[in-house]
Each structure stands twice: as C-alpha cells, then as structure tokens.
Amino acid sequence: SPIFITLALIIKLTSKGPAFFVQQRGGFGGDRINVIKFRSMKTLDDGTQKIKQAQKNDPRITPIGKFIRKSNLDELPQFFNVLKGDMSLIGPRPHAISHDNEYANLINSYAARHRMKPGISGWAQVNGLRGETDTLDKMENRIAYDLHYIENWSLALDFKILLATPFTFLGKNAY
C-alpha cells in the first residue's frame with residue numbers, strides 16, 4: 001500500500017533503525033505472539049523484559065513517531081497479524097509480555113482477557129482507555145472494559161467498535 005511505503009520511508013529517513021519492529025505480546029490463551037508495528041521510538045523493546053510505557057513528552061519517541069502514535073498509524077502493520085490469524089480486528093488490545101506478567105499478579109481477573117484473540121482495536125480503546133496506564137486504577141478500568149467486551153460479545157458490538165475506532169484517532173491519551 002502507498003501508505004505503508006510512505007510511512008516506512010519517512011521513518012527510515014527521519015531516524016536511525018528499522019521502519020518496523022516486532023514485540024512479543026500476550027495472545028489467545030496466553031500464547032505469545034509477535035506483534036508488528038511501525039517503529040515510533042528510538043528503542044526496540046521486545047516486550048519480554050520490563051519496559052516503561054510511553055509517556056507524554058517521552059524522549060524515546062521520534063519526531064514522526066509522535067504523529068503515527070497519536071493517529072494509530074503505527075498499528076497498521078498489525079493487519080499482517082490479523083491475516084496470520086494471531087489477532088482479530090476487534091478484541092482486547094494485546095499487552096507486552098512483561099506487562100502481562102506484572103498485571104497478572106496485581107489484578108485477579110487480568111488473565112481472563114486472554115479468552116479471546118487480541119484485536120487491533122477494542123472496547124476499552126473506543127471508551128478512552130488507550131495509552132499509558134501509569135496507575136493500577138487505569139489498568140483495572142481497561143481490564144474491566146476488556147472483560148465486559150468478552151462477556152457481551154456480539155457482531156453488533158464489533159461493528160459498533162469498528163465504526164467508533166476512527167473517532168479515537170488523535171486521542172488525548174496516546175503518546
């Protein structure tokens with residue numbers, strides 16, 4: 001796609017490193033999946049070791065990275081994960097393995113989010129719970145939305161999320 005090629009070239013021309021990066025995240029049944037993203041940061045954390053979530057004015061974010069993160073364009077390569085069968089268009093957003101390990105010990109119902117394939121977009125994200133989870137309360141709220149989605153799944157709910165997703169672009173919580 002012209003968008004993929006253009007973004008890859010801009011990333012390569014504006015910062016050192018590859019255009020894409022792969023990070024291990026928790027998938028269906030807790031299996032590890034390799035999630036593909038456009039690189040938006042100077043670091044290439046593989047997701048298995050403790051990693052710091054992106055924050056507002058994070059110095060690790062590249063100049064183009066700020067735009068592609070806010071607009072969700074960094075997520076476009078995850079369509080390859082959907083085609084591969086590791087992810088769905090809609091479902092709980094996958095977290096890095098290190099975050100899965102950390103929050104599984106802090107939130108009793110955390111592992112239940114792995115009862116469904118992770119998605120590119122989800123109920124929590126369209127309800128404003130995307131981005132940094134710098135407090136346990138924020139992650140608990142996100143998990144509550146993920147579990148609500150899993151327990152109330154329907155094709156109608158998927159369409160509602162799919163239609164709402166573009167309105168989350170340029171959201172205030174993404175950096």
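Scroll up to find the structure this text is about.
Here the residue numbers are simple positions, counted from 1 along each chain's written sequence. Local features in a predicted model are, by the rule used here, given only for residues with pLDDT of at least 70; side-chain atom pairs are given and counted only at 80 or more, and totals for whole chains, interfaces and linings are based on all residues. Think of the side-chain values as coming from all heavy atoms in the structure, minus any hydrogens and water.

1. Topic: the overall build of the protein chain
So, step 1. What the protein chain contains, in helices and strands, is 7 helices and 4 strands.
So, step 2. Taken from the N to the C terminus, the helices and strands of the protein chain come in the order α-β-β-α-α-β-α-β-α-α-α.
So, step 3. Based on C-alpha atoms, the radius of gyration is set beside the globule rule, defined as 2.2 Å times the residue count to the power 0.38. Taking 16 Å as the expected radius of gyration for a compact globule of 175 residues, we find that the protein chain reaches 15 Å, a close match to that expectation.
So, step 4. The principal-axis extents of the C-alpha atoms in the protein chain amount to approximately 45 × 35 × 30 Å.
So, step 5. Any two residues whose heavy atoms approach within 4.5 Å are treated as being in contact. Sequence-distant contacts in the protein chain: of pairs separated by 6 or more residues, those separated by 24 or more amount to 66%. Secondary structure follows DSSP: runs of H or I at least 4 residues long count as helices, runs of E at least 2 residues long count as strands, and numbering of each begins at the N terminus.

2. Notes on helix α6 (residues 136–151)
So, step 1. Expected helix span is given by 1.5 Å per residue-to-residue step, counting one fewer step than there are residues. Taking 1.5 Å of rise per residue, the 16 residues of α6 would be expected to cover 22 Å, and the 22 Å separating its terminal C-alpha atoms lies within 8% of that figure.
So, step 2. Along α6, the residues classified as buried are M139, R142, I143, D146, L147, Y149 and I150. Projected down its long axis, α6 shows its buried positions confined to an angular sector of 155 degrees, all on one face.
So, step 3. Looking at the packing, one finds that the buried side of α6 touches β3 (88–90), α4 (97–104), α5 (123–126) and α7 (155–164). Remark: exposure states derive from per-residue accessible area (1.4 Å probe, protein chains only) relative to the maximum for the residue type, with buried under 20%, exposed over 50%, and partly exposed in between. An arc is given here, and it is the one of the directions from the helix axis to the C-beta atoms.

3. Some points on the side chain of K37
So, step 1. By secondary structure assignment, the location of K37 is in strand β2 (residues 32–38).
So, step 2. Polar contact criterion, stated in full: a pair of N or O atoms within 3.5 Å, where within protein one must be able to donate a hydrogen and the other to accept it, and residues adjacent in sequence count only if both atoms are side-chain atoms. Of the polar contacts made by the side chain of K37, one reaches the side chain of E75; its length is 3.5 Å.
So, step 3. For K37, the residues in contact, after removing those within four places along its chain, are A19, F20, F21, R25, D74, E75, P77 and Q78.

4. Topic: the pairing of strand β1 (residues 20–26)
So, step 1. Between any two strands, at least two bridges found by DSSP are needed for them to pair. Where β1 meets β2, 7 bridges bridge the pair, whose relative direction is antiparallel. Bridge pairing in β2 places F20 opposite F38.
So, step 2. The turn joining β1 and β2, which pair antiparallel and follow one another in sequence, is formed by 5 residues; a positive phi near 70 degrees is taken by G29.

5. A closer look at the pattern of salt bridges
So, step 1. A side-chain nitrogen of Lys or Arg and a carboxyl oxygen of Asp or Glu constitute a salt bridge if their distance falls within 4 Å. Taken as a whole, this structure holds 7 salt bridges when the rule is applied.
So, step 2. Between K37 and D74 there is a salt bridge, and its shortest N-O distance comes to 3.2 Å. With K37 in strand β2 and D74 in the loop between α2 (63–70) and α3 (78–84), this pair connects stretches of sequence that are 37 residues apart.
So, step 3. D146 is paired through a salt bridge with R113; the nearest N and O atoms lie 2.8 Å apart. Of this pair, D146 sits in helix α6 while R113 is found in the loop between α4 and β4 (119–121), placing the two residues 33 residues apart along the sequence. With respect to burial, D146 and R113 carry one shared label: buried.
So, step 4. The network of salt bridges with shared partners includes K37, D74, E75 and R93.

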